[in-house]
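Spelled out from the first residue to the last, the chains are:
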Amino acid sequence: MDTGVAAKIQDIDNSPSLPMTGAAYLPGVPYDEMIAQGGEVRGHYAALQTRISTLGAGELADRQRMLERSFLLQGITFTVYGADSATERIIPTDLFPRILPAQEWAKIEAGLIQRLQALNMFLADIYGDQQILMDGVVPRELVLGAPSYRREMQNVYVPHKSYANVCGSDLIRGQDGEFAVLEDNLRVPSGVSYMLANRDASKRTFPGAYREAGVRPVERYPDLLLATLKSMSADWRSNPQVVVLTPGVYNSAYYEHAYLARLMGVPLVEGRDLVVHDNMVYMRTTTGLRRVDVIYRRVDDDFIDPLAFRRDSSLGAAGLFNAYRAGNVVICNAPGTGVADDKAVYAYVPEIIKYYLGEDAILPNIETFLCREPAQLSHVLANLDKLVVKAVGASGGYGMLIGPHASAQERSDFADALAADPANYIAQPTIQLSTAPCLVDGRIEPRHVDLRPFILSGEKTVVMPGALTRVALKRGSLVVNSSQGGGSKDTWVLSEETPSNGAGGLA
Amino acid sequence: MMLARVADSLYWLGRYMERAEHLSRLSSVMLNATLDQTDAGAQAVWIALSAVGKAESGALAPFEAARSLVLDRADTNSVVSSLARARENARQVRDQITTETWERLNLLYLRVTDENAGREFADGSANFLHDVISDVHLFKGAADTTMSHGESWRFMMVGMYLERAQLVSSLLEVCFAEGPGRVINDHIALVSLLRMACALEPYLRVYTAEIEPRHILEFLVFDEDFPRSIRFVTSRIEEHLAILARHTEANGRTGPERLAGRLKARLQFADLDELQAQGASALLTTVVNECSRIHEAIYETFVAYPLEMRLPA
Amino acid sequence: MLLEIRHITQYHYERSVRESLMELWMQPQKSARQRLVSFELEIEPAAQVFSYADSFGNAVYHFDVPQPHDGLTIIARSAVETEPVLEWPMPLDMGEWERLKSTFVRGECFDYLQPHGFVQVTPALQAFMDAHDIEELRRRDPFSAVQALCDTIYKAFEYDPGVTDADSPIDLALEAKRGVCQDFAHIMLAICRSWGMPARYVSGYLFTDREAGDRSDPDATHAWVEVFLPSYRWIGFDPTNNVMTGERHVAVAVGRDYGDVTPSRGVYKGDSESHLAVGVSVRRARAAVAEPEFLRLPRPSTPFGASRRRASADAIREHQQRQQQQQ
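To keep things clear, this report deals only with the structure shown in the data block. (Residues numbered from 1 in each chain as written. Chains lettered and ligands numbered in written order. Predicted model: local features only at pLDDT ≥ 70, side-chain atom pairs only at ≥ 80, totals over all residues.)

## Let's talk about the pairing of strand S5 (residues 69-82) of chain C
Both faces of the sheet carry side chains from a regular strand, because those side chains alternate between them.
All names here are of chain C.
Thought 1: When strand S1 (residues 2-24) meets S5, the two strands line up antiparallel, connected through 12 bridges. Within S5, the residue paired with His7 across the bridge is Ala76.
Thought 2: Note that strand S2 (residues 34-44) and S5 share 10 bridges and pair antiparallel. Note on S5: the bridge partner recorded for Leu41 is Ala76. (Pairing = 2+ DSSP bridges. Helix = DSSP H or I, 4+ residues; strand = E, 2+ residues; numbered from the N terminus.)

Put into structure tokens, the structure is as follows:
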């Protein structure tokens, strides 16, 4: 998961104080999801706000504890690797859902479909005729020089030209209240199990408010995922055998792999369970070898096949890629999708949308400076204290500098790194993420949030009407990654006929 | 249809859960017996520690020995290690077992690995162990009532019963094998033995309070209905393996179901007279060895079979 | 010239291994200047062979051997008719340097202009370039510059199969001032690319002619360089023998470096080291095709990545699982 960016530490004391019955909540200074600038509660939050304000602090704390216990019990945990030990932790989960009204969602949905459609066309092009490179819309070396570009994928047939079957895009809402795309995740995006677990929990915590608000369900994700995966298999396999490929129990997202396999009712396999013979992929079962048709892999490109990619990988199956190239098995997401979510290619996504679809991007990008361009590099170096700088190849909130929060020493160290290898960095302005109410140490406080919706794309493209809202739990922090002290909360997308429409008005 | 690796994990899940239960019970009975400062108490300690191959740790105070048997994470044969491994195996096959079953195991694991576990054990080992054993029973009950009794469940059962056959055999070997061991004849020590096999109440219903070595042996080896008797256990192993083997194309003469059938028949036709004439060792050793062979055959048939034998035509 | 080639590759394992998968870059190219008359593969233990074209356009054959085996033999036989070169390229004008900078060339040959794998301008190579006034060569037209570069490399190194092996970086040869065809090709590629001249690695065979001054080993596979000059398109230079490629050269595969076109590579399962023996014979057709005189144990390379001890496999797996990036 990558990071949210934003600005100055919130000065909570200077926030306007608001009349709220029960729990007093001081909204964040930038855009607050619940409270509008005038101090009134936004209409789509009314039902929830009413409920929260009637619950005492003790009751809220009890519910929070119940929620955490239920996560721990279910084993919804990720593993943190320390110097010499590994501990299992639950991703901190916040009690209060984040709510999005129907018309806002409609725009997000249209924007995500447009974006993924264009990115899939981009992938089909750069692994095919490379028209967009010929036309000079995206610099050739940016694509062909990216380590995530897989020459092996050139001219490989991909059904429906759906390269990224599962996409988890990171959106943020800035001060103006508009959503923008911070990052596209087209490789092996994770977090969907938290979306489902959070929903399960919030339905139990706020059943009344949930019913009243008219929330769109996300529970169909597993069967939609299965349908998407099946739609990728060759037409003549009437009932394709789908499997989920996991790196194994030590992987931090293992819970999610097992969860999805269980809910789809398909085997969860590791590389060592797979055998390639005569260019076909099989899994070892107790009764012999069984043919595998579609692999939903949660293993990085580099590791899926030691014959084709990293020779020392023991997580994949040797020969898998040859079977894939021959059309005997489908790998989802396709190898080589990473080049389209490369942080430098990101800067060109609006042009990519225009090039293939002839449309303007519905969801804007964050302004991005490519340090590979000398002019932009000098701008970045001159404004390090205002910018967020990210390494192109890194993710998970590593290898980045949040200028306004960094010390002079950190900035100067980063400037050296930048000057040494400019092509490896991009920079973006620091953006104030919107805030949402969270329960922190028994108090309701604003915390910065982002939004990760999930898009499925096979024969059809579907956006799940829900998302993972990631929360920077440290006051004022802008980093929402789970590996960096981030948490998550449920996201309610309201249906059109939501009864609370108009009550407080939208900002 | 199930992955070979998954079958392996379920099998070990069954084994480790059975082992955890057995070790907890041995510790509990042992600690209880030492409350009386008699020779019977010393005998109980010796039985329990010998049965787990730790007779040499008799030098420790029984409480220390029990604590390490239960909570020592460095010892791969402790309760906590067994549960950790059971859970690790369950995590590998999380998609195969029901949420109810998983939650029982996870809860138990969290209990024994809690930072307060050591203190809880010190404050009241009897309660602590009672709760652990109850939790294992809840796990087994959840598995029984919520999982489909198909392949997954059967592999777990085979693991559980094979482990049980070996544990009960070792316990009996310690007490009744001919040779230089101790002779266990003290009434209270024999009661402890029955408790260790979780057999006291069922035994009393059959033999009344006449606690005699030959009856204990007869009960724990030959009883048809008692779920921890070797005859009962081998019947179950044979039953599950016979059904599992039905789907396997490669049936060899060394198939585990055939080995289990042979062991079952051996116990079917043996009786107490034979046992006493030839000595208990011979039969118990056979049981232990045959269990190892069944274990290997399970691997060769279901898990680590040679690929070239199973290639699609 | 009609040539018959027999290329024998033998893997031997100390203990039985299983589930071998192997890919072969062994089929001679089909092109205007060489006609592939026949190509066949003989594999022991027998296996079904599949093929595909890789992203550089090479024919790749692959197969698997599931059952336990302690050896694997691959015999590739081909017959190739090569065209004699009737008109050798002539020096060009200096404008060719400009033509090399065209968008078309830079786009079409993107991969052959980048450092990759063995092809790197290392400090040792930079020192070599300085010592031999390599930059001076650029005062000539591109064709003459490459020809002179080929000559420089030929004269600066001695042919010696005992110094480097299949996965040696160029620094080893640069330091020893000796090496084999692969080292010379990599060095030449790095320099050409640093000049902005597209250059690719070619693996193949040479019908060795001692009389003509060839120094390559006749019992081994061969490698040379092709550069792209807009006026001639791809033309071949053999720095090992200081000639332009002609009818005695049989090209098999092209790539960015040796790593793209290893004649054979594969993985297997098993706790055993592998030993590789290779024998090549290139004969004029109609002359009796004999077995190679001997199967020599060449460079002690292990193109096999999987020959690790099993004891550590779990640790490796765990480590890799962690390395997986979370998105």
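Resuming the write-up.
## Examining the packing of helix H13 (residues 256-269) of chain B against helix H15 (residues 280-303) of chain B
Residues and elements named next belong to chain B.
Thought 1: H15 packs onto H13 with a crossing angle of 160° between their chain directions and a minimal axis gap of 8 Å. What the angle tells us is that H13 and H15 run roughly antiparallel. For the pair H13 and H15, the crossing hand works out as left-handed. Counting all contacts with H13, which are made through Pro256, Leu259, Ala260, Leu263 and Arg266, the residues of H15 involved are Thr286, Glu290, Arg293, Ile294, Ala297, Ile298 and Thr301.
Thought 2: Among the residues forming the contact of H13 with H15, the class breakdown is 7 nonpolar, 2 polar and 3 charged. (Axes fitted to C-alpha atoms, helices over the stretch in contact; angles between N-to-C directions. Parallel < 35°, antiparallel > 145°, perpendicular 65-115°, else oblique. Left-handed = near helix turned anticlockwise from the far one by under 90°. Contact = placed C-beta atoms within 7 Å. Nonpolar A, V, L, I, M, F, W, Y, C, P; charged D, E, K, R; others polar.)

## Remarks on the nonpolar core
Thought 1: Ranked by internal contacts, the top residues of the largest apolar core, which has 337 residues, are Ile295 and Val389 of chain A, Ala48 of chain B together with Met188 and Val225 of chain C.
Thought 2: Non-local contacts of Met188 of chain C, meaning those with residues more than four positions away in its chain, are made with Leu149, Cys150, Ile153, Val225 and Pro239 of chain C. (Core = buried A, V, L, I, M, F, W, Y, C linked by C-beta atoms within 7 Å. Buried ≥ 20, exposed ≤ 12 C-beta atoms within 10 Å, placed from the backbone.)

## A few points about the environment of Arg151 of chain A
Thought 1: Among the structural elements, Arg151 of chain A can be located in the loop between helix H5 (140-144) and strand S4 (166-168).
Thought 2: Through-space distance from the C-alpha of Arg151 of chain A to that of Tyr127 of chain A is 7.7 Å; in sequence the pair is 24 residues apart.

## What to know about the pairing of strand S10 (residues 233-238) of chain C
All names here are of chain C.
Thought 1: Summarising the sheet, strand S9 (residues 222-229) and S10 pair through 5 bridges and their orientation is antiparallel. Counterpart to Phe228 in the pairing with S10 is Trp234.
Thought 2: Where S9 folds back on S10, the antiparallel hairpin that results is connected by 3 residues.
Thought 3: Examined bridge by bridge, S10 and strand S11 (residues 243-244) share 2 bridges and lie antiparallel to one another. The residue of S11 that forms the bridge with Phe237 is Met244.
Thought 4: The loop that links S10 with its antiparallel partner S11 comprises 4 residues; one of these, Asn242, has a positive phi angle of about 55°.

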